[in-house]
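Understanding the architecture of this molecule
Chain by chain, the residues run as shown.
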Amino acid sequence: MPIHEKSLIRPENLVTHEQLTLEGVDVSGHWSTFIRSRVITDYNEAMEEEIAALPGGEYIHRCWQCGSCTNSCTVNAVNPDFNPRYWIYLIRMGLEEELLRDKDIVWQCVSCNKCTYACPRDVNPEGVMKATAHWLELKGHTAKKPSMEFDEVFSEQVFATGKIEEGRVLRQFFARTGQSLFQDWLVALVRGLAIRRPIGLLARLAIASIFRPRTRGWSRARAAINEYLGEQETAQRRALGLEQRGSER
Amino acid sequence: MKPILVLGGGPAGLSAAYALAAMGQRTILVDKADRLGGAPILTGYAKLVPSGEWAKDAIGGMVRRVEGNPLIEVQRATTVRSFSGEPGDFRARLSTGAELQLGAALLCTGFTHFDSINKPEWGFGTYPDVVTTAQVEQMISSGKGVRCPSDGREPERVAILLCVGSRDRQIGREWCSKICCTVSANIAMEIRDQLPKCNVYIYYMDIRTFGLYEDTYYWESQEKHKVKYIKARIAEVTSDGKRLIVKGEDTLVKRPITIPFDMVVHAIGMDPNLDNLTLSAVFDVKLERHGHIAKASSYTSMSHTSRPGVFVAGAATGPETIDDSIAQGQAAAMAALASVQGRAREAAE
Amino acid sequence: MTGKYRKVAYYPGCALEGTGHAYNRSTTALGQALGLDLVELKNWNCCGAMEVKNLDPKLQTYLSARNLGIAEKMGFETVMAPCNGCYHNLKKAEYDLAHDPASRGLVGQLSQKAGHAAYEPGGVTTIHALDWIKEAIGEDGLRERVKHSLKGVKIANYYGCMYTRPRHIFPEKDKGPGSESTSKPHFMDDLLAAAGAECVDYPLKTACCGGAHTLSDSDTSTKLVLNLLTTAEACGADVIATECPTCHTGLEMHQVRAARVLGKRTRVKILYFTQLLGMALGLSARRVGVQENMSDACDLFREKGLGR
Ligand SMILES: Cc1cc2nc3c(=O)[nH]c(=O)nc-3n(C[C@H](O)[C@H](O)[C@H](O)COP(=O)(O)OP(=O)(O)OC[C@H]3O[C@@H](n4cnc5c(N)ncnc54)[C@H](O)[C@@H]3O)c2cc1C
Ligand code: SF4
Ligand code: SF4
Ligand code: SF4
Ligand code: SF4
């Protein structure tokens, strides 16, 4: 029997019998295509609250599944598997196993806020994407993604000095993600630039790497921010039922 | 006995004024428009839900029985400037300069149509073939039929987007406008009748054809008129230069759908009357949190406002249907009459 | 010309000290040419760009609140931020401080520990460089001052994500005639048209360039940027005008990357709107920092007689 929307069914759940006779009728081959019924036993009822406890996830419980977010989403247009509405549903229902199938693409949200602009319930789907990516990492389902490495390199500099210097962010990011600074296209880019303005560019790059830009009198702000971050981390790990850092036996 | 003021001559006000007169009460009906009838007449609705009667006949009949009534004095193109006093002894000054002595007042001031300009991503104001349900009602009631405003052609595919200006925190409209699902199904069936070659798609999040509207509108539109319902709220209406492009996620099959349309209709919601802040100040009545005139209680005194002697009915209290507005108009008339007669009796004793 | 924005506080932000230096240069040059004063915020800090919020949105609010507080302390009612990221973050902080008690609480707490007064919402108004020129000079004012009309230059105006989304942090937008639109912004179109340019109908004005993942997910960014570039060319544009250093650098970088990695070459030039306006007012190409752009527009300038 033909199955409509076959694409929605996972191949492992489609069963076809090469040889099968049912009540005297030969239904071998595609006549016997069945969809294996799937009993869900993996509800994780804590998942919604855990994600709601992470920054950005606070309003996930508002979602009514209208699809505006997915429909407007920049990344969904490039990769249809990137589906914020669907993931929010899985999280709210606690269908952890289903969510984990997409664990390696959640981080790709580019923060364009098209979803947040469209969402009639003010779920802040963009924030939910960040919280979910965070959750996947904290729970150990995924390794730290490049975007998180970048956020951390960048934020650490801001917290440390009050300002950033792009060259330094770039170098540290490439170092942490184990990439070469001398990527073909980057080299082409810098070379193209340097040909046209050798002195200005080189001088500025050199100055910035010697004198790090910084905000004066930032040390008290830095201490306050770091203290707050520590408290937040403790609270988040508690909400996710994770062991506190440094508390290993 | 002093007359009672009915402010607003839509379905609620027309019903209240008539009920008061029927009980022998002198009534002054004031409306800021130059015609009576409220939204159905001023906007020019077509066939009404649920009777199927043309608005100009149904509501026109209500207007006629009020306009001919000796106990009802009608003031058109008029507003109330000030209002003071106590129940049984109010004074009001009108924009015409007239001073009135009143026993009670009824606010039947209705609603304001949502202005789709506030939802720019859905193309209204950018593309001429994006229209509202109010405009389609006019196309039908004027006898011209449903045509694309850009070039007057008959549309071959029409999309109706539900909940435009309702149920949307982005624009601070956190209510359901109650009637637009049913009105949309009604319009969809009308289009399918008039233009059998034209397909109609309704984009919905939920369908709220409540009560007896369920089979007459929702089922009928699907079963008899083959109107298509898609569970998707779209993010944007665009154009390919020729037709309008509506892209959505069909949430039931979890995949994108992009359909070209000749016409896109916004099922616009019912906003609180834009005058409500003024009305609240002039009559010293409270508004509820969405901006409608607040009822004192839902049960024991449902026609009462926060101010004794001032009553409210119809869409002034929140999205309402015509029949409920009419019923509320009568209920408010009853409450107002009880209030002035109670005073009159006390005074006579 | 109205007096309102004649002198405003200026928040350049980190990007304008780095890759967006040409934007800084052209913005200040434009201000000078128009007789507008920009007073840089004293000892400002980074707004957190698109990154800090991913660790904690409330910290981002604190970073911006500190900057707003500086503007207020310097006696300004208005702070102008040419970078969409900075502009967005200042606006968002303003909104969150007014609406979210928790953000306000944290800003109060951190400000106290950091030893400065906590910024209270409503103290200063944040504007974008587009608002600044539009309000202070306006289209008529520009028309009067144009020396080298941009006539014949076909421009696709690209506003990106952060200038209009999410709408609730921009309460002044979508307010009918004269106000900016969040779905089809037009301020840059208006200004460049007043300088004589021909603005094409560009459907991707507010599409995303993938700027947040420019380096961490380069392939996605390249795809998104390539789409912006080819669509602009299909619309007949010679130039994409930008009003944000992140968008600008993203377009430039991924134009190169699309050519190197995907073999997809595009010719459309990428220029800051301040560079285009500056040249229309008679400033030299050097003065508005064109030599610092990666996108080499010399042939276009020669052809159209600009920037001499
Ligand atoms: C597109 C559309 C189609 C609809 N179709 C149907 C339908 O088929 N069936 C149905 O049951 N319902 C329908 N409705 C709902 C219907 O319009 C309302 O239920 C009805 O109009 C409410 O009546 P009302 O008298 O309370 O208010 P209104 O009809 O709004 O009347 C209010 C009156 O008060 C006057 N007024 C307002 N402010 C002042 C002031 N400050 N001073 C003096 N006068 C003032 C106005 O001029 C107006 O005459 C529809 C609504 C829409 C938007
Ligand atoms: S912010 Fe992220 S989830 Fe939202 S539309 Fe953009 S890419 Fe998609
Ligand atoms: S737009 Fe908002 S309410 Fe709709 S599905 Fe997405 S998150 Fe849920
Ligand atoms: S009645 Fe239907 S269309 Fe109208 S607001 Fe309610 S759900 Fe939306
Ligand atoms: S019958 Fe009741 S539950 Fe069902 S749709 Fe109607 S109101 Fe909702």
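Before reading further, recall that the structure is shown in the block above.
The shown structure was predicted, so the numbers you read here are calculated from the model rather than taken from an experiment.

**Some words on the overall build of chain A**
Summing up its helical and strand segments, chain A has twelve helices and four strands in all. Within the span of chain A, comprising 249 residues, buried residues form 47% of the whole. Nonlocal contacts in chain A, meaning residues at least 24 apart in sequence, comprise 57% of its contacts between residues at least 6 apart. Carbon and sulfur atoms provide 55% of the accessible area of chain A, an area that totals close to 12700 Å².

**A closer look at the pattern of salt bridges**
Inspection of the entire model under this criterion finds 42 salt bridges over all chains. In this structure, Glu121(B) engages Arg167(C) in a salt bridge whose closest nitrogen and oxygen atoms are separated by 2.6 Å. In this pair, Glu121(B) is assigned in the loop between strand 8 (111–113) and strand 9 (130–132) and Arg167(C) in the loop between strand 5 (154–158) and helix 8 (187–194), connecting two distinct chains. In this pair, the class of Glu121(B) matches that of Arg167(C), namely buried.

**A look at the packing of aromatic side chains**
Under the defined criterion, the tally for this structure stands at 15 aromatic pairs over all chains. Between Tyr11(C) and Trp44(C) the ring centres are 5.5 Å apart and the planes differ by 80°, which places this aromatic pair in the edge-to-face class. Separated by 33 residues along the polypeptide, Tyr11(C) in the loop between strand 1 (7–10) and helix 1 (21–34) and Trp44(C) in the loop between strand 2 (37–40) and helix 2 (52–55) bring together distant segments of the chain. When its relative accessible area of 0% is taken as the criterion, Tyr11(C) is described as buried. Ring geometry for Tyr23(C) against Tyr272(C): centres 4.4 Å apart, planes inclined by 5°, an arrangement best described as stacked. Linking Tyr23(C) in helix 1 with Tyr272(C) in strand 8 (residues 269–272), this pair joins segments that are 249 residues apart in sequence. For Tyr272(C), a relative accessible area of 1% corresponds to the buried category. These aromatic residues form a ring-pair network of at least three members: Tyr87(C), Tyr159(C), Tyr163(C) and Phe170(C). In this arrangement the basic side chain of Lys228(B) is found over the ring face of Tyr201(B), its NZ or CZ atom lying 5.8 Å from the centre. Taking the ring centre of Tyr86(A) as reference, the NZ or CZ of Lys254(B) above it sits at 3.9 Å.

Conventions adopted
- Residues numbered from 1 in each chain as written.
- Chains lettered and ligands numbered in written order.
- Predicted model: local features only at pLDDT ≥ 70, side-chain atom pairs only at ≥ 80, totals over all residues.
- Heavy atoms only, no water.
- Helix = DSSP H or I, 4+ residues; strand = E, 2+ residues; numbered from the N terminus.
- Buried < 20%, exposed > 50% of the residue type's maximum accessible area, 1.4 Å probe, protein only.
- Contact = heavy atoms within 4.5 Å.
- Areas by Shrake-Rupley, 256 points an atom, 1.4 Å probe, with all protein chains shown as cover.
- Salt bridge = Lys/Arg side-chain N within 4 Å of Asp/Glu carboxyl O.
- Phe/Tyr/Trp six-rings, centres within 6.5 Å; stacked < 30°, edge-to-face > 60°.
- Lys NZ or Arg CZ within 6 Å of the ring centre and 35° of its normal.

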